[in-house]
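# Observations on the model geometry
If you want the building blocks of each chain, they are given just below.
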Amino acid sequence: MSDNNRLRIAIQKSGRLSKDCQDLLKQLGVKLNLREQRLIAHATNMPIDVLRVRDDDIPGLVMDGVCDLGIVGENVLVESQAERAAQSLNAEVTKLAKLDFGYCRLALAWPQELGQLPLSWFEGKKIATTYPEILKQYLKNQGINASTVLLSGSVEVAPRAGLADAICDLVSTGATLEANGLLQGETILESNACLIQNPSMDNQQKQALLDTLLPRLKAVRQAKE
Ligand code: ATP
Ligand code: ZN
């Protein structure tokens, strides 16, 4: 059984956020042995366990209290909150800090040959995305009726494959869109990685440890400015 006094932090196991998360933990003074491909890494110098999982699982692990803290993109957090709220599941987290990595935008894009398009063009169209809840909310706010096609990967090939008229996907440099003959449109959400906490963490030892980590986090961020 796990030690309930150890602070549990969920981070992405392998992907765009992994290296930055590992570096951040190191800068906070957390010593980890991450060489092994284990799900849980125990810090050797403080009562912290790091869970390495898919980024999509991080919000739920924190909301359900399986982990006390998590580092995840706001895009994944917002989508997961909307998804859970729709299922009447608890979707609360406390955002402790916005971090200075993982920046990307969730944006609409369509085949380049169509040229610039007004938002009204999307009426009645099919849009492929990994973020259907964020997209639906956006379309609703804009008064557009369009359908969403859920794809968890390779969203950018959907128009060419005839699966959708347009896409709503994450963009950082725009190179992937360009390589796929797509033109970038409206930004729906700007996102960074953020540190989240389970709001009902009720353990003095864990809280005391967190109270020593947060000022360090602030110092690390200030040193970079
Ligand atoms: P996992 O296997 O953990 O589910 P994934 O394939 O969903 O991984 P990654 O591609 O590693 O996720 O991206 C993780 C996060 O990095 C994204 O959710 C987003 O917050 C951020 N990110 C930053 N830039 C980009 C980008 N250009 N494309 C996609 N995600 C980006
Ligand atoms: Zn993912």
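Below: a short report on this structure. (Residues numbered from 1 in each chain as written. Chains lettered and ligands numbered in written order. Predicted model: local features only at pLDDT ≥ 70, side-chain atom pairs only at ≥ 80, totals over all residues.)

### Considerations on the sheet that holds strand E9 (residues 166-171)
A sheet is described by the order of its strands in space; here five strands give the open sequence E8-E7-E9-E6-E10, paired in mixed fashion. Only two strands of the sheet have a single neighbouring strand rather than two, namely strand E8 (147-150) and strand E10 (182-191). When strand polarity is set aside, the average angle formed by the axes of neighbouring strands in this sheet is 30°. Here seven bridges tie strand E6 (residues 104-111) to E10, and the two strands are oriented antiparallel to one another. Pairing of Trp110 across the sheet is with Leu183, part of E10. Along the sheet face, helix H3 (residues 74-86) touches E6, E9 and E10 and points at about 75° away from the line of E10. (Pairing = 2+ DSSP bridges. Helix = DSSP H or I, 4+ residues; strand = E, 2+ residues; numbered from the N terminus. Axes fitted to C-alpha atoms, helices over the stretch in contact; angles between N-to-C directions. Contact = placed C-beta atoms within 7 Å.)

### A closer look at the site of ligand 1
Taken together, 15 residues lie around ligand 1, and Gly15, Arg16, Gly73, Cys104 and Ser172 are the ones closest in. The class makeup of the residues in the shell around ligand 1 is four nonpolar, seven polar and four charged. Here the shell around ligand 1 spans two domains, since at least three of its residues come from each of domain 1 (7-102 + 192-224) and domain 2 (104-191). (Near = placed C-beta within 6 Å. Nonpolar A, V, L, I, M, F, W, Y, C, P; charged D, E, K, R; others polar. Domains from an automatic or database assignment.)

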